[in-house]
Amino acid sequence: MKMLLTTLFGFCTMASAAWQAGAAKADITPAESVPLAGYGGKTRMSQRVEHPIWLKALALKDDSGATSVLVTADLVGLSNKMIAVISKNAAEKHHIARERLILNTSHNHSCPVTEDVLWLYYEFTPEEAAAKDRYTQMVYAKYDEVIGKAIANLAPAELTFEQGLAGVAVNRRRSRGPESRAFGGQVDQDVPVIAVKAGNDLKAIVFGYSCHTTALGGLSINGDYAGFDQLELEKSFPGSVAMFVQNCGGDANPLPRIRGKDVEATELASMYGKVLAEAVRQVIAGTMKPLNGPIQAAMGETELELQPGIPHEELKQRLPNLTGMPKREFEHFIRQYETLGSPPNRVKYPIQVWRIGPDFTFIALTGETVVDYSLKFKAAYGWNNTWVCGYNNDLTSYIPSLRVLKEGGYEGVTGMFEYGHRAPYTETVEERITTKVDELMKATAK
């Protein structure tokens with residue numbers, strides 16, 4: 001991260017020609033019908049393409065010669081297996097160290113399934129699995145391609161930062177009926193924006209928002225509201241690459257939503273995209289602050305503890321009454337008892353921090369982080385110069401705060417099985433993440 005920040009933010013210094021930036025995009029729209037990601041239940045096969053979906057990369061090179069790369073994707077997520085393949089290729093082919101590679105996904109629910117992401121969700125026919133595997137191989141190649149192109153496009157640039165606001169996100173826990181009315185309604189409606197310019201030319205727009213990309217749920221390939229948003233911005237700023245970073249949207253949805261009416265739902269998703277694009281346009285039209293180096297970056301890992309799981313014998317007793325995803329979950333836990341002795345009691349959790357001098361901090365968390373983490377770290381490290389995002393690295397699970405864990409519900413408790421984890425996290429979850437972020441912040445305060 002330290003490296004990524006260095007490159008990313010060093011471009012903001014007009015006085016230093018040493019800062020260079022390069023942006024690129026690669027089309028990852030499938031050429032055949034493929035299984036669609038994001039929702040459990042019967043496998044959904046794509047029937048049409050609403051608009052193309054993309055990988056996009058920003059490469060940043062500082063005056064030490066180090067190059068760092070941020071990649072965003074119109075995908076639901078990545079797995080540990082995918083992260084290993086992508087980062088290995090980046091290191092071997094492009095000499096990008098792991099701490100200098102940030103991999104963020106929009107958590108798009110209208111994209112193809114890849115590799116083993118959310119693998120317990122799906123039960124494929126051999127033909128469906130083959131289509132998924134062909135698509136996955138194409139995605140690996142496109143990650144390699146887009147990283148290489150961004151590096152090849154490196155040229156002198158400046159970087160600026162500011163934040164806007166958009167009112168698309170609604171706390172979905174509070175919106176789920178009378179039983180959820182006691183849940184908090186927290187949202188983060190900040191729209192952080194980094195503009196990358198070469199002279200008067202806007203080369204790249206990196207922006208973020210904390211909200212699930214679930215305005216749509218039909219059978220078309222598209223980028224949901226974030227895809228429409230990026231299309232809108234690239235029309236407004238011809239020649240630029242618009243990159244959407246999913247922030248801490250684990251407990252937020254774009255609301256209202258329309259289910260079962262694809263045309264109306266698409267119009268609504270497009271409208272949300274235009275709202276968010278307008279927030280970005282207003283930021284770019286205003287006064288943005290230069291981001292000056294040097295950049296310090298750090299990457300570390302903590303472990304999140306899990307509560308005790310269901311005993312082996314109870315799993316076996318309950319299994320005959322289950323079907324679909326619950327059955328696959330229980331079979332998974334039984335296999336873990338039989339091969340490992342018991343399901344694992346903890347989950348590895350990587351965190352990245354990029355810091356650009358005293359002026360800017362980028363905190364990259366893993367998994368489906370709830371909004372509390374964004375609000376907490378911005379309060380601790382600076383509301384106006386801290387950017388907190390989730391959905392980096394692997395899509396490990398929902399990451400509840402202590403508040404959400406105690407409230408219960410899907411994001412805190414019941415959503416853990418579908419990620420293959422034996423039980424909810426213990427009440428140390430927020431403390432462990434906070435402690436590791438603080439360590440990384442201190443490590444980058446040089």
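Criteria and cut-off values
Residues numbered from 1 in each chain as written. Predicted model: local features only at pLDDT ≥ 70, side-chain atom pairs only at ≥ 80, totals over all residues. Heavy atoms only, no water. 1 Å grid on protein atoms, 1.4 Å probe; cavity = no way out; pocket = protein on both sides within 12 Å on 5 of 7 lines; lining within 4 Å. Points joined across faces, edges and corners; volume = space filled by probe spheres on them. Helix = DSSP H or I, 4+ residues; strand = E, 2+ residues; numbered from the N terminus. Nonpolar A, V, L, I, M, F, W, Y, C, P; charged D, E, K, R; others polar. Axes fitted to C-alpha atoms, helices over the stretch in contact; angles between N-to-C directions. Left-handed = near helix turned anticlockwise from the far one by under 90°. Contact = heavy atoms within 4.5 Å. Pairing = 2+ DSSP bridges. Salt bridge = Lys/Arg side-chain N within 4 Å of Asp/Glu carboxyl O. Buried < 20%, exposed > 50% of the residue type's maximum accessible area, 1.4 Å probe, protein only.

Let us now look at empty space enclosed by the protein. Evaluation of the coordinates by the stated rule reveals five cavities of 30 Å³ or more. Looking at the largest cavity, its volume works out to about 50 Å³. Lys-25, His-51, Pro-52, Trp-54, Lys-56, Asp-74, Gly-227, Gln-230, Leu-231 and Glu-234 are the residues that line the largest cavity. Elements supplying a minimum of two residues to the lining of the largest cavity: β3 (54-61) and α4 (224-236). Top element by residues in the lining of the largest cavity is α4. It accounts for four residues. Broken down by class, the residue content of the lining of the largest cavity amounts to three nonpolar, three polar and four charged.

On to the packing of helix α8 (residues 371-381) against helix α11 (residues 429-443). Two elements in contact, α8 and α11, have axes separated by 12 Å at closest approach and are oriented at 40°. Crossing of α8 over α11 shows right-handed handedness. Taking contact as the criterion, the partners of Tyr-373, Lys-376, Phe-377 and Tyr-381 in α8 are, on α11, Val-429, Glu-430, Ile-433, Thr-434, Val-437, Asp-438 and Met-441.

Strand order in the open sheet formed by five strands is β12-β10-β9-β7-β14, and the pairing between neighbours is mixed. Of all the strands in the sheet, the pair left with one neighbour each is β12 (241-246) and β14 (289-290). Here six bridges tie strand β9 (residues 190-198) to strand β10 (residues 201-209), and the two strands are oriented antiparallel to one another. Looking across to β10, one finds that Ala-198 is bridged to Asp-201. Here α4 sits on the sheet in contact with β10 and β12, set at roughly 155° to β12.

What follows covers the pattern of salt bridges. This model, assessed by the stated rule, comprises 28 salt bridges. One salt bridge connects Glu-411 with Arg-172, and the closest N-O pair in it is separated by 2.7 Å. Of this pair, Glu-411 sits in helix α10 (residues 410-414) while Arg-172 is found in the loop between β8 (169-171) and β9, placing the two residues 239 residues apart along the sequence. We classify Glu-411 as buried; its relative accessible area is 1%. For Arg-172, a relative accessible area of 5% puts it in the buried group.

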